[in-house]
Amino acid sequence: MMLKRTRVKELLAAGQTDAQVMVKGWVRTVRAGKGVTFLALNDGSCFAHLQVVADPDLANYAEISRLGTGAALAISGRLVESPASGQRYELQAAEITIVGPADESYPLQKKRHSFEYLRSIAHLRPRTNTFGAVFRVRSSLAQAIHRFFAERGFLYVQTPIITTNDCEGAGEMFRVTTLDMARPPLERGAVDYGKDFFGQAAGLTVSGQLEGELFATAFADIYTFGPTFRAENSNTPRHAAEFWMIEPEMAFADLMADAALAEEFFRYLCRHMLDHCREDLEFFNAQLDQGLIARIEGVAGSPFAMMEYGEAIRHLQQAPVPFDYPVEWGLDLQTEHERYLTEQVAKGPLFVVNYPRDIKAFYMRQNDDGRTVAAMDLLVPRVGEIIGGSQREERLDLLQQRMVDMGIDPTGLWWYLDSRRWGSCPHAGFGLGFERLIMYLTGMENIRDVIPFPRTPRHAEF
Ligand code: 4AD
Ligand code: MG
């Protein structure tokens, strides 16, 4: 009888000794000793490798003892208590089939590789300990995010990736076109996008928010979770040209309700990390950042701080440390400022609210002071801004005026304005950068190392 494949994770969790099992995976290390060979096998289901004991009475023992790192194997055998320290169980192999060999040219040999080198072999790095852990965590968090919103009755809406609106108005859209770039149709010297595929200039979305707002005025509570694109040419460890964003939007909600949801959401994800990603988390805590678990526990268990933008500026102006970028009411906060506020002032997650109107997007609700908007950013240690959100301007006249003042043509957004024409209501939402969340929860320091195949300026190879 052919045995069904058992995952290493399930095998180790069940700990059922003496049953005949079949495992399949990739060799991480081979130790050929006197009269026995030990293989460490990993199938990606968990961090731990399965120790496999190969005895010389195996028909292909000579081949097995010369196996290289990276080979794919199918092994049938018996799980037994391991007499050696280092692991509780080991697999006593009865038969080992070499499914796919790997020779010494395999780039992932035993020694430790730098993250930078591993980026150059992004097609193979999922087979390392660190990236195995990162991508298990990523998958698990994605599921937790859907569960969080499902438990609270939020509708999951898929907003378009190709769009004609620049939601954030920062002009960072990638163009989507089928025009012949060498000889585009011209109209008075400019490219005539009227002749393009969509009959107008189109691009990749920078945010699903505007379409999300439309759904919020039908389903009250909605969220999006999808890829987002920004052609900002900033080569930082926190920016990617393609990243994933979670954007909830709530009707009948103000800025404080928005912050309350953001806090509940963020703490839920911290709790999930502690409860469901423990083995990988312990690895990150031991190898990358010894304060990681304590920090996540702290966040999961205590309320977040909140301060006005104006107050944040005062803290920064009184800071005993120099900053590279100027600090002045009316200027945007840079990462160095955000990190100072969350790391030194709040010593934990911090909401900064009510930013100057002129540094924020057109859709944010204007406050009565005439110079700020109901915006909120959540700042966390080590990462800086992780969530950006706001209460939206639901008053048609004010929204239209704001667009005119900012040079945004309201005709292209007629459908957005319609949501303020009929049944308009106070509403609010935010965006959580998925990669920044993973950076925060794993201690990984570069966004390129938490997304499977990163897209950054001049990098889109794999
Ligand atoms: O602050 P942002 O630009 O907000 C929006 O896009 C709003 N439309 C969200 C909303 O209210 N629905 O982006 C939200 C978050 C940031 O806080 C950050 O975590 C992440 O998205 N982010 C990026 N992550 C990686 N690379 C980039 N280039 C990012 N730009 C933003
Ligand atoms: Mg922002």
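Structure: see above.
Every value quoted in this text rests on a predicted model; they were computed, and no experiment measured them. (Residues numbered from 1 in each chain as written. Chains lettered and ligands numbered in written order. Predicted model: local features only at pLDDT ≥ 70, side-chain atom pairs only at ≥ 80, totals over all residues. Heavy atoms only, no water.)

Quick notes on the sheet that holds strand 17 (residues 384-391)
Strand order across the open sheet formed by eight strands is 6-12-13-18-17-16-15-14, with mixed pairing between neighbours. Of all the strands in the sheet, the pair left with one neighbour each is strand 6 (155-156) and strand 14 (305-308). Sheet topology note: the strand 12 (residues 221-229)/strand 13 (residues 242-251) ladder contains nine bridges and is antiparallel. Residue pairing in the sheet places T224 in a bridge with E247 of strand 13. Contacts between helix 5 (residues 209-219) and the sheet are confined to strand 6, strand 12, strand 13 and strand 18 (427-433), with strand 13 contributing the most and set at about 30° to the helix. On the sheet, helix 10 (residues 335-345) packs against strand 14, strand 15 (350-356), strand 16 (372-380) and strand 17 and is oriented at approximately 60° with respect to strand 16. (Pairing = 2+ DSSP bridges. Helix = DSSP H or I, 4+ residues; strand = E, 2+ residues; numbered from the N terminus. Contact = heavy atoms within 4.5 Å. Axes fitted to C-alpha atoms, helices over the stretch in contact; angles between N-to-C directions.)

A closer look at the site of ligand 1
Within the structure, ligand 1 sits among 24 residues, and E168, Q209, R230, E247 and E385 are positioned closest to it. One of the backbone nitrogen or oxygen atoms of A240 is found 3.0 Å away from a nitrogen atom of ligand 1. At 3.4 Å, a backbone N or O of F430 approaches a nitrogen atom of ligand 1. Elements with a contribution of two residues or more to the shell around ligand 1: strand 13, strand 17 and strand 18. At five residues, the largest contribution of residues to the shell around ligand 1 is made by strand 17. Looking at the shell around ligand 1 residue by residue, the classes come out as eight nonpolar, eight polar and eight charged. (Near = heavy atom within 4 Å. Polar contact = N/O pair within 3.5 Å; in protein donor to acceptor, adjacent residues only side chain to side chain. Nonpolar A, V, L, I, M, F, W, Y, C, P; charged D, E, K, R; others polar.)

Thoughts on the packing of aromatic side chains
For the coordinates displayed, the defined rule picks out 26 aromatic pairs. Between the aromatic rings of F266 and Y440, the centroid separation amounts to 5.5 Å while the plane-to-plane angle is 50°, which identifies the pairing as tilted. Separated by 174 residues along the polypeptide, F266 in helix 6 (residues 255-276) and Y440 in helix 13 (residues 434-442) bring together distant segments of the chain. Assessed through its relative accessible area of 0%, F266 is described here as buried. Among the residues examined, Y440 registers a relative accessible area of 1% and is labelled buried. One aromatic cluster is present, built from ring pairs that chain together F148, F149, F154, Y156, Y223, F265, Y268 and F430. Here the basic side chain of K360 rests over the ring of Y355, its NZ or CZ set 4.2 Å away from the ring centre. Seen from the ring of W329, R371 lies directly overhead, with NZ or CZ sitting 3.9 Å from the centre. (Phe/Tyr/Trp six-rings, centres within 6.5 Å; stacked < 30°, edge-to-face > 60°. Buried < 20%, exposed > 50% of the residue type's maximum accessible area, 1.4 Å probe, protein only. Lys NZ or Arg CZ within 6 Å of the ring centre and 35° of its normal.)

Considerations on the packing of helix 4 (residues 129-151) against helix 6
Their axes nearest at 10 Å, the elements helix 4 and helix 6 cross at an angle of 135°. Classed by the angle they form, the pair helix 4 and helix 6 counts as oblique. Taken as a pair, helix 4 and helix 6 cross one another with a handedness that is right-handed. Taking contact as the criterion, the partners of V137, S140, L141, A144, I145, R147, F148, F149 and E151 in helix 4 are, on helix 6, L261, E264, F265, Y268, L269, H272 and M273. (Parallel < 35°, antiparallel > 145°, perpendicular 65-115°, else oblique. Left-handed = near helix turned anticlockwise from the far one by under 90°.)

Digging into the pairing of strand 18
Across the seven residues of strand 18, seven count as buried, placing the element largely inside the fold. Burial along strand 18 is two-sided: H427, G429, G431 and G433 facing one way and A428, F430 and L432 facing the other are all buried. Note that strand 17 and strand 18 share five bridges and pair antiparallel. In the strand pairing of strand 18, G388 is matched with G431.

Points about the nonpolar core
Ranked by internal contacts, the top residues of the largest apolar core, which has 91 residues, are I96 and F266. If near-sequence neighbours (up to four positions away) are discounted, F266 is found in contact with V299, F304, L378, V380, I386, L437 and Y440. One finds A312, L316, F323 and Y355 within the second-largest nonpolar core, a separate group that totals 28 residues. (Core = buried A, V, L, I, M, F, W, Y, C linked by side-chain atoms within 4.5 Å.)

Focus: the packing of helix 7 (residues 278-287) against helix 8 (residues 292-301)
Taken N-terminus to C-terminus, the directions of helix 7 and helix 8 make an angle of 125°; their axes are 8 Å apart at the nearest point. Accordingly, the angle class assigned to the pair helix 7 and helix 8 is oblique. Along the contact surface, helix 7 presents R278, L281, E282, F284 and N285, while helix 8 presents L292, I293, I296 and E297. Classifying every residue of the contact of helix 7 with helix 8 by side-chain character gives five nonpolar, one polar and three charged.

Overview of the environment of V383
With respect to the element layout, V383 can be found in the loop between strand 16 and strand 17. Residues V383 and T335, 48 residues apart in the sequence, show an inter-C-alpha distance of 7.9 Å. Excluding residues within four positions of it along the chain, V383 makes contact with R238, T335, R436, M439 and Y440.

Focus: a negative patch on the surface
Together, E308, E311, D368 and D369 line one region of the surface with negative charge. Note on placement: D369 falls in the loop between strand 15 and strand 16. Residue class for D369 comes out partly exposed when judged on its relative accessible area of 45%. (Patch = residues over 30% accessible without salt bridge, like charges linked within 9 Å, V, L, I, M, F, W, Y side chains within 5 Å. Areas by Shrake-Rupley, 256 points an atom, 1.4 Å probe, with all protein chains shown as cover. Salt bridge = Lys/Arg side-chain N within 4 Å of Asp/Glu carboxyl O. Lys, Arg positive; Asp, Glu negative; His and termini not counted. Charge placed at Lys NZ, Arg CZ, Asp CG, Glu CD.)

Regarding the sheet that holds strand 5 (residues 89-100)
If you walk around this closed barrel you meet the five strands as 1-2-3-5-4, and the pairing is mixed. Within this sheet the neighbouring strands show an average axis-to-axis angle of 55°, counted without direction. Sheet topology note: the strand 4 (residues 72-81)/strand 5 ladder contains 10 bridges and is antiparallel. If you follow I75 over to strand 5, its bridge partner there is I96.

Structural notes on unusual backbone geometry
Phi at A220 takes a positive value of approximately 70°, unusual for a residue other than glycine. Structurally, A220 can be placed in the loop between helix 5 and strand 12. A relative accessible area of 23% means that A220 is categorised as partly exposed. Even without glycine at this site, R458 takes up a positive phi of about 65°. By the secondary structure assignment, R458 is in the segment after helix 13.

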